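Read off the chains here:
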Amino acid sequence: MKHDLSHMYALKSAIEDLLGEAAWRDLKECTSLTTWRRYVLKIIDAIELSVKTNIQICDEDWMNQVASNLAHGRDLARIAKDTDGLVAALTATLLRQVFLQLGHAPHRKTSRNVTLKADNWRLDGFRTVQIVQTPAQREVLFMSKQRREIGFDAQFDLEAEYRRSRSKLPYSVWCAQRASEQQEAKQNGPENVA
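Residues numbered from 1 in each chain as written. Predicted model: local features only at pLDDT ≥ 70, side-chain atom pairs only at ≥ 80, totals over all residues. Heavy atoms only, no water.

What about the overall build of the chain?
Part 1 of the reasoning: Scanning the chain from terminus to terminus reveals eight helices and zero strands.
Part 2 of the reasoning: Starting at the N terminus, the α and β elements of the chain follow one another as α-α-α-α-α-α-α-α.
Part 3 of the reasoning: For 194 residues, the compact-globule estimate of 2.2 N^0.38 gives 16 Å, and the C-alpha radius of gyration of the chain, at 24 Å, exceeds that figure by more than 25%.
Part 4 of the reasoning: Dimensions of the chain along its principal axes, counting C-alpha atoms only, are 70 × 45 × 30 Å.
Part 5 of the reasoning: Within the chain, residue pairs in contact and separated by at least 24 positions form 50% of the contacts whose partners lie at least 6 positions apart.
Part 6 of the reasoning: When the accessible area of the chain is evaluated, it comes to approximately 13900 Å², of which 54% is carbon and sulfur surface.
Part 7 of the reasoning: Separation of charge centres in the chain, based on 28 positive and 25 negative side chains, amounts to 4 Å. (Helix = DSSP H or I, 4+ residues; strand = E, 2+ residues; numbered from the N terminus. Rg over C-alpha atoms; globule rule 2.2 N^0.38 Å. Contact = heavy atoms within 4.5 Å. Areas by Shrake-Rupley, 256 points an atom, 1.4 Å probe, with all protein chains shown as cover. Lys, Arg positive; Asp, Glu negative; His and termini not counted. Charge placed at Lys NZ, Arg CZ, Asp CG, Glu CD.)

Considering the packing of aromatic side chains
Part 1 of the reasoning: In this structure the tally under the stated criterion is seven aromatic pairs.
Part 2 of the reasoning: Taken together, a centroid distance of 5.5 Å and an interplanar angle of 80° make the contact between tyrosine 9 and tryptophan 24 edge-to-face. With tyrosine 9 in helix α1 (residues 9-19) and tryptophan 24 in helix α2 (residues 21-27), the pair connects residues that are 15 residues apart, well separated along the chain.
Part 3 of the reasoning: One aromatic cluster is present, built from ring pairs that chain together Phe142, Tyr162, Tyr171 and Trp174.
Part 4 of the reasoning: Across from the ring centre of tryptophan 121, 4.6 Å away, lies the NZ or CZ of arginine 108, which sits over that ring. (Phe/Tyr/Trp six-rings, centres within 6.5 Å; stacked < 30°, edge-to-face > 60°. Lys NZ or Arg CZ within 6 Å of the ring centre and 35° of its normal.)

A word on the pattern of salt bridges
Part 1 of the reasoning: Taken as a whole and assessed by the stated rule, the structure comprises 11 salt bridges.
Part 2 of the reasoning: The partner of lysine 52 in a salt bridge is glutamate 48, and the shortest N-O contact between them spans 3.9 Å. With a gap of four residues between them, lysine 52 and glutamate 48 both fall in helix α3 (residues 33-54), about one helical turn apart.
Part 3 of the reasoning: Notably, a salt bridge pairs arginine 127 with aspartate 61, separated by 3.6 Å at the nearest N-O pair. Placement of the pair is arginine 127 in the loop between α5 (83-101) and α6 (135-150) and aspartate 61 in helix α4 (residues 60-79), with a sequence separation of 66 residues. (Salt bridge = Lys/Arg side-chain N within 4 Å of Asp/Glu carboxyl O.)

Notes on unusual backbone geometry
Part 1 of the reasoning: For arginine 166, which is not glycine, the phi torsion reads 55° and is therefore positive.
Part 2 of the reasoning: Along the polypeptide, arginine 166 turns up in the loop between α7 (152-165) and α8 (171-187).
Part 3 of the reasoning: Here arginine 166 falls in the exposed class, since its relative accessible area comes to 71%. (Buried < 20%, exposed > 50% of the residue type's maximum accessible area, 1.4 Å probe, protein only.)

Let's talk about the packing of α6 against α7
Part 1 of the reasoning: With their axes 7 Å apart at the nearest point, α6 and α7 run at an angle of 130° to one another. Classed by the angle they form, the pair α6 and α7 counts as oblique. Side by side, α6 and α7 meet where Met143, Gln146, Arg147 and Ile150 of the first sit next to Phe152, Ala154, Gln155, Leu158 and Glu159 of the second.
Part 2 of the reasoning: Each residue belonging to the contact of α6 with α7 can be placed in one class, and the counts come to five nonpolar, two polar and two charged. (Axes fitted to C-alpha atoms, helices over the stretch in contact; angles between N-to-C directions. Parallel < 35°, antiparallel > 145°, perpendicular 65-115°, else oblique. Nonpolar A, V, L, I, M, F, W, Y, C, P; charged D, E, K, R; others polar.)

None of the figures reported here should be taken as evidence of function without further support.
Next comes the structure, spelled out in structure tokens:
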């Protein structure tokens with residue numbers, strides 16, 4: 001581990017996204033195995049909590065596989081003798097977790113070669129994963145993206161205009177309709193622009 005901001009920058013940045021600015025300050029030039037271990041264990045705990053909090057429908061066997069993978073990751077992190085071993089433990093845990101989240105983590109140690117053929121990566125033999133979005137979640141996502149695109153103040157003003165309009169349309173549909181009307185007005189001449 002290097003006492004250097006740029007060393008493992010991508011990992012430090014990802015941890016900051018997950019755990020906040022304090023994590024960044026603690027890790028930015030950190031060479032302490034103890035500090036890194038604390039954050040790796042916290043990430044694994046956050047994954048487990050997120051799975052339990054966000055996955056509403058799953059079979060018990062899958063949940064047991066997730067718990068087993070994360071417990072194994074914690075064990076590997078605790079026994080790691082250096083930060084390279086610690087990062088390897090985290091990487092292996094996350095790699096298995098990604099495939100578990102897709103439905104099934106393959107165990108192909110006895111396979112000579114596994115190609116990137118779609119049939120080899122179809123992981124729905126035991127369960128099918130679905131990502132669903134409610135209308136309310138779709139609206140929140142739209143507002144979040146819009147806020148990033150046009151800025152907080154502009155989005156806040158636009159939302160206030162929507163409320164004043166007393167429209168029965170969902171906010172995202174109202175915005176699309178408003179944008180279409182404004183575009184049409186621009187095409188018909190500057191005197192028609194609201």
